[in-house]
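Below, each chain spelled out in residue letters.
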Amino acid sequence: MPTPFHLLLDVDGGGWHPAAWRRSRTAPEAVFSGARLRESAVTAQAQGLTALTFEDSPLPDARNPVGHLDAVQRAAFLTGTTEAIGLLPVAATTYSEPFHLAAQIASLDHSSAGRAGWVASTSPPAAARAVGLPVLAGEDARTELADVVRTVRALWDSWEDDAVVRDVATGRYVDRDRLHPVDVDTGRWSVRGPLTVPRPPQGQPVVAVRAQDLPAAGAAGVADVVLTGDAEAHRSTGGPLVVVEVEFALDTEAAPADERLRALDADAAAPAGGRVRWSGSGEAFARFLQELAGRVDGVRLHAAVLDEDLRQLVRTTLPALRVSRLLQPPPSGSTLRSTLGLPRPVNQFSTLSGSQA
């Protein structure tokens, strides 16, 4: 059995290219529709992909000038129409309340039966004006991200797994000895726990962080998965999973990938840098992914035009990956942690000797 290799697909807007909405087979007014999101999710799950991600930003950005629906709500919308694929919304830490973030992602994990993750990210300095807060940037924002993630992890653990008793005979719903205070004050925000949501099914949902958003101290205690734009990245023993960010465009029946990209660039300039960019035939793309699989744990795929490139991915690339046994669908009912091969963490506040979180 080959080393597991995980394919994550971002399903934000029309695609990574800012002109994608002009080429979409979806009518512009339907780009935000639930039906379109559901179609992409069901297709990705049927094809055996590991997880979906949902980009977000407090401001329109170069990759998606038409705006976003809230990422956590998009992920929650799909909990009832999917049963195996992971759901990882982007939610920024720079100007958000840790208590609210913890409750949102824990709720998503409960509603998806343990398939939730969280792409924790920093926000651009311009976002400070949208929420009326002082600008936080650079290493300060990255340190803030680490502080928020560690506090969110503590809040997820503030309920032990057996804290909920639900004893109708005695009228006792919760064992208060299994609830734990979380008291953090950084000067920018403060938290007084425990959380209002019981401990998530996974113990802790999977936390992914972009490499550029990690503090100088590194990923320890912060990220389960590191998202990187470095094509030469390598997995490390005992460290977080390494997932490469890949923007791709595939040849279609109508036009080669490079010609498609030139037409898109004529309508709007593509943003530079930050991710690996690949174009060509679907079969060649499969070979490229097979080469990456020897070094890293997976890729996060960003389609140039989601409607066109996902269709070609399904027709050409994924069949080749199945032949090589590189594509291993998550079993129905599995948690995202188990699919990724991550252990279920022990509760940091556990009061029972040897109790498992």
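Everything numeric in this text was worked out from a predicted model, so none of it was measured. (Residues numbered from 1 in each chain as written. Predicted model: local features only at pLDDT ≥ 70, side-chain atom pairs only at ≥ 80, totals over all residues. Heavy atoms only, no water.)

Asks: Explain the side chain of E245 here, please?
Replies: Checked against the element boundaries, E245 lands in strand β11 (residues 241-250). Taking relative accessible area as the criterion, E245 reaches 4% and is therefore assigned buried. Separated by 2.8 Å, the side chains of E245 and R300 make a polar contact. Here E245 is in contact with R210, L227, T228, R275, V276, R300 and H302, once residues within four sequence places are set aside. (Helix = DSSP H or I, 4+ residues; strand = E, 2+ residues; numbered from the N terminus. Buried < 20%, exposed > 50% of the residue type's maximum accessible area, 1.4 Å probe, protein only. Polar contact = N/O pair within 3.5 Å; in protein donor to acceptor, adjacent residues only side chain to side chain. Contact = heavy atoms within 4.5 Å.)

Asks: What is the right way to look at the environment of D230 in this model?
Replies: Its location among the elements puts D230 in the loop between β10 (225-228) and β11. D230 gets classed as partly exposed once you look at its relative accessible area, which sits at 39%. Separated by 13 residues in the primary sequence, D230 and V243 have C-alpha atoms spaced 9.5 Å apart. Those residues in contact with D230 that sit more than four places away from it in its chain are V244 and V276.

Asks: I keep staring at the packing of aromatic side chains and nothing clicks. Help me out?
Replies: Two descriptors summarise a pair of aromatic rings, namely the distance from one centre to the other and the angle between the planes of the rings. Tallying each qualifying case throughout the model produces five aromatic pairs. When the ring of F248 is compared with that of F285, the centres are 5.1 Å apart and the planes differ by 15 degrees; the resulting orientation is stacked. Linking F248 in strand β11 with F285 in helix α8 (residues 282-293), this pair joins segments that are 37 residues apart in sequence. Judged by its relative accessible area of 0%, F248 is buried. On the accessibility criterion, F285 (0% relative accessible area) is buried. Linked through ring pairs, F248, W278, F285 and F288 together constitute an aromatic cluster. (Phe/Tyr/Trp six-rings, centres within 6.5 Å; stacked < 30°, edge-to-face > 60°.)

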